[in-house]
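# Remarks on the overall topology
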Number of protein chains: 2
Amino acid sequence: MAIRPAEQLIHKAAWLYYAHGLRQDQVASQLNISRASVAMYLRKARETGIVNISTSTQLFTDDVLARQLEDALELDAVWIAPENDYVLDPSTDIAVLAASVFLELVKKGDRIGVAWGRTVYTIADIMSYADLQDVTVVQLCGNLGAPYSYRPDQCTMEIARRLNAKGLNFYAPLVLTTELLAHGLRAEPVIREQLADIGNCDLALYSVGTVDADSHVVKCGALSPGEMGVLREAGAAGVIAGQIIDAAGKALDCSYNRRVISASLASLRQIEKRLMVVQEDSKFQPLLAALAGGLCTHLVVGASMARRLLDHAGASAGAKKAS
Amino acid sequence: MAIRPAEQLIHKAAWLYYAHGLRQDQVASQLNISRASVAMYLRKARETGIVNISTSTQLFTDDVLARQLEDALELDAVWIAPENDYVLDPSTDIAVLAASVFLELVKKGDRIGVAWGRTVYTIADIMSYADLQDVTVVQLCGNLGAPYSYRPDQCTMEIARRLNAKGLNFYAPLVLTTELLAHGLRAEPVIREQLADIGNCDLALYSVGTVDADSHVVKCGALSPGEMGVLREAGAAGVIAGQIIDAAGKALDCSYNRRVISASLASLRQIEKRLMVVQEDSKFQPLLAALAGGLCTHLVVGASMARRLLDHAGASAGAKKAS
DNA sequence: ATGCCAGTTTGACTTTTGTCGAGAGCCGTG
DNA sequence: CACGGCTCTCGACAAAAGTCAAACTGGCAT
């Protein structure tokens, strides 16, 4: 009775404390343990998602700016992280908000597609634990061969872990050296099935990448700065789930894209809720491309980015009217 | 700036405290108010459901007894409130558990049918606040003419209030004096539409009533003790949403039932999740009737009731096998 | 204008909670 | 069977959160 505290005790403690509203010392005496232990159990309970503390993100959608953006961009929902108000770490603020929004969007039984990148990993990292049963988290794109800090499989697994969900990884490299090989690999049953199933996801979480020399795909070695330059000349505007898109949000017709193992943009668009999170202001152009491509139905951005988007939408609407 | 603290401030405080994990004094300095105010805001935030603290009820389904009951009674899920373990108020324990289970079953956009009675009202009373948007709570049966402590409309509205949901009341008496009048009233568009829509609910919450002289329906004056006695002779076994059912869980063929304005048992059975909560051990026979009638898919009971149910199920299974 | 009321805010106080290092029981291993 | 290694547990202290009466605010009726 002393050795394995197990979930059982944690559960009971959490129950008495949070549901019945007892104080820790009362819980302790009920369970015949010390109050210190109770405190520890409660922390574990919070960490494992046995108790869920979530704050409504309504505040951020109530924002006038967010409403305007929803209308202007025809999105289902927009959340805007305030920036000047009370200064905290500027970009984690967006990630914290994104994590809350994400948790609010997830339902039991959902299948969730997750891409990769610093943004996604940051979100995973600060996401609070939850106890979603029957949730599956699937990886949207192939892995990186080289060890890199925010690997696709890491993103997927970390989020699955936080949610107490099943993680479904994808054991293929993100990009191959020849189109032929990529084609062959995509035809492999294991891979093909998983790719085919992506359209059945209920929710997708991704960010968008830049096509600069310090882009994510460059830093991780999938493309050299030179190659990226060429692609940029050819019309590359952003990166989604490892694929290069042009300003219209279509997959760029290039060798690189044909060598990538990832969810097709068409299958991404089949996903009902596509949550896009953008932290850096430098991702303005890539974000426009993603929006143009209909790759996003739910958006989390910072206030300054929101204003730029709105200005842009207003300007292009005005231009359209003028012409 | 001093007069209307509004939701805005409460929201921000809750956000900083719960989502960002700041301490109260940090929140206070961020918001330029005193820590005491922050503490107050946070309480309000919890009370209004801006933050949600919920404990997983998994513990209670993991219980071996619960599993056995699920199998024996062919129910989707069973939760059993422990009784001897750590002694608290015995019957509120069941209600607290029921409230948690209920909140766990509700999803956004759901339509919820709520019956009435002491049990239901107790659950409503201790239910923590939540911020479910797009949820509608509908009343399953007519109102009581006489003022009584746990009126159907009270139950409905209180639950709607806690959930921040829309409450849909039912402005008709529970029982009329003549069958003709009841028939006419049921044909009224307002009433008819609401009754017809009950089958579209996603979730129902009710208990079952006894058919004793101190039954709920007797105490509230819908039936006299004498009439109840007659009905009992005629095979009455329990009360569901104001209607008398027999041991097989069918509506008893009697004048009273024909004079009642309430959701038909058939429409109740159309509801996907039918959560039944039983506090008193004396409701054993009525509960059996309700179970026989398929009026319950999710069940919350106390441990002793659970054991009785299991014994009964085992015995009747044995009898069936023997015969 | 004035005084009252309802609601908010605050500082000071008490209670409750989080945390740390030490100790105790259990386990596989040498 | 003695030994670390491991995790769980506890007591005591420090930190944080809850509470209360008093002061303050603006609105409102007199």
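For the structure given in this document, a descriptive report is provided here. These figures come from a predicted structure and were not determined experimentally. Residue indices begin from 1 for each chain and proceed along its sequence in written order. Here the convention is simple: chains get letters from A, ligands get numbers from 1, in the order in which they are written. Totals for whole chains, interfaces and linings use every residue, but because this is a predicted model, local features are given only for residues with pLDDT of at least 70 and side-chain atom pairs only at 80 or more, for both listing and counting. With hydrogens and water stripped out, all remaining heavy atoms of the structure feed into the side-chain values.

## Section: the overall build of chain A
Rules: Starting at the N terminus, helices and strands are each numbered in turn, a helix being any DSSP run of H or I of at least four residues and a strand any DSSP run of E of at least two. Our radius of gyration is a C-alpha quantity, and the globule rule it is checked against amounts to 2.2 Å times the number of residues to the power 0.38. Relative accessibility thresholds used throughout: buried, under 20% of the residue-type maximum; exposed, over 50%; partly exposed, between the two (1.4 Å probe, protein chains only). Method for areas: the Shrake-Rupley scheme with a 1.4 Å probe, in which residue coverage is limited to the protein chains shown. Note that His is not counted, nor are the chain ends; the positive residues are Lys and Arg, and the negative ones are Asp and Glu. Note on charges: their place is set at NZ of Lys, CZ of Arg, CG of Asp or CD of Glu.
In terms of helices and strands, chain A carries 16 helices and 10 strands. Radius of gyration (C-alpha) of chain A: 22 Å, near the 20 Å computed for a compact globule of 323 residues. Viewed in the frame of its principal axes, chain A has a C-alpha envelope of about 75 × 50 × 30 Å. The 323 residues of chain A split such that 54% are buried. Total accessible area computed for chain A in this model is approximately 14000 Å², and 51% of it derives from carbon and sulfur atoms. Each charge class in chain A can be summarised by its mean position, and for the 31 positive and 35 negative side chains these summaries are 4 Å apart.

## Some points on the interface of chain B and chain A
Convention followed: In what follows, residue pairs with any heavy atoms lying within 4.5 Å of each other are defined as contacts. A 1.4 Å probe defines the accessible area here, and the buried area is the portion of it lost by two parts on being joined, summed over both. Every case where a carboxyl oxygen of Asp or Glu lies within 4 Å of a side-chain nitrogen of Lys or Arg is listed as a salt bridge. Any N or O atom pair separated by 3.5 Å or less is treated as a polar contact, with the protein-specific requirement of one donor-capable and one acceptor-capable atom, and with residues adjacent in sequence counted only for side-chain atom pairs. Residue classes follow a fixed rule: Ala, Val, Leu, Ile, Met, Phe, Trp, Tyr, Cys and Pro count as nonpolar, while Asp, Glu, Lys and Arg count as charged, and any other residue, Gly among them, counts as polar.
At the junction of the two partners, chain B supplies 36 residues and chain A supplies 36 residues. In total, chain B and chain A occlude about 3300 Å² of area from one another, counting both sides; carbon and sulfur atoms represent 63% of this. Taken together, chain B and chain A are joined by zero salt bridges. Taken together, the connections running from chain B to chain A amount to five residue pairs in polar contact (both at pLDDT 80 or more). Where the side of chain B that touches chain A is concerned, the elements lending two or more residues are helix 1 (6-19), helix 2 (24-31), strand 1 (51-55), helix 4 (58-62) and helix 6 (90-105) of chain B. Examining the composition of the side of chain B that touches chain A, we find that eight residues originate from one element, helix 1 of chain B, more than from any other. Looking at the side of chain B that touches chain A residue by residue, the class counts come to 17 nonpolar, 12 polar and seven charged.

## Here we look at the side chain of S304 of chain A
Inspection of the secondary structure puts S304 of chain A in helix 16 (residues 303-322). Looking at S304 of chain A, its side chain comes within polar contact range of the side chain of D281 of chain A, at 2.8 Å.

## Some words on the sheet that holds strand 5 (residues 166-168) of chain A
Residues and elements named next belong to chain A. Rules: Strands qualify as paired when DSSP identifies two bridges or more between them. Throughout, an axis means a line fitted to C-alpha atoms (over the contacting stretch in the case of helices), and angles, computed between N-to-C directions, take values from 0 to 180 degrees.
Strand order in the open sheet formed by seven strands is 2-10-9-6-3-4-5, and the pairing between neighbours is parallel. Unpaired on one side and paired on the other, strand 2 (77-81) and strand 5 mark the two borders of the sheet. Sheet twist, expressed as the mean angle between neighbouring strand axes with direction ignored, is 20 degrees. Contacting strand 3 (111-114), strand 6 (203-206) and strand 9 (273-277), helix 7 (residues 118-126) runs over the sheet at an angle of about 110 degrees to strand 6.

## Observations regarding the pattern of salt bridges
Close approach of charged atoms lets side chains of opposite charge pair. Residue and element names in this part refer to chain A. Across all of its chains, the model carries 23 salt bridges over all chains by this definition. D197 serves as the salt-bridge partner of R111, at 3.2 Å between the closest nitrogen and oxygen. In this pair, R111 is assigned in strand 3 and D197 in helix 10 (residues 189-197), connecting sequence segments 86 residues apart. Look at D197 and you get partly exposed, because its relative accessible area is 30%.

## Topic: the sheet that holds strand 10 (residues 298-302) of chain B
Residue and element names in this part refer to chain B. Read across the sheet, seven strands follow the order 2-10-9-6-3-4-5 without closing on themselves; strand pairing throughout is parallel. What marks the edges here is a single partner per strand, and that holds for strand 2 (77-81) and strand 5 (166-168). Taking the axes of each pair of neighbouring strands and ignoring which way they run, one obtains an average angle of 20 degrees across the sheet. Of the strand pairs in this sheet, strand 6 (residues 203-206) and strand 9 (residues 273-277) are connected by four bridges, and their pairing is parallel. Pairing of Y206 across the sheet is with M276, part of strand 9.

## What to know about the protein's contact with DNA strand C
As a reminder, the rule being used: Nearness here has a simple test: a residue counts as near a molecule or strand if at least one of its heavy atoms is within 4 Å of that partner.
Taken together, 18 residues form the shell around DNA strand C, and within it Y17, R23 and Q24 of chain A together with S34 and Y41 of chain B come nearest. Across the atoms of DNA strand C situated within 4 Å of the protein, the share located in sugar and phosphate is 69%. Within the contact set of DNA strand C, a phosphate oxygen lies 2.9 Å away from a side-chain nitrogen or oxygen of Y17 of chain A. Taking R23 of chain A, its side chain carries an N or O atom lying 2.5 Å from a phosphate oxygen of DNA strand C.

## Section: the nonpolar core
We apply this condition: We call a set of buried Ala, Val, Leu, Ile, Met, Phe, Trp, Tyr and Cys residues a nonpolar core when their side-chain atoms join them within 4.5 Å.
By size, the foremost hydrophobic cluster in this structure holds 117 residues, and its most contacted members are F102, I159, I240, Y256, L268, M276 and L287 of chain B. The element that contributes the greatest number of residues to this core is helix 6 of chain B, accounting for nine residues. If near-sequence neighbours (up to four positions away) are discounted, I159 of chain B is found in contact with F102, V114, V120, A124, M127, V137 and L205 of chain B. Within the second largest apolar cluster, 102 residues are counted, among which are W79, I80, A263 and C296 of chain A.

## Quick look at the environment of R118 of chain A
Residues and elements named next belong to chain A. In this structure, R118 sits in helix 7. R118 sits in the partly exposed class, given a relative accessible area of 29%. In this structure, the C-alpha to C-alpha distance between R118 and V175, residues 57 residues apart in sequence, is 19 Å. The contact partners of R118, leaving out residues within four places of it in the chain, are Y150, H216, Q279 and E280. Reaching out from R118, the side chain makes a polar contact with the side chain of Q279 at a distance of 3.0 Å.

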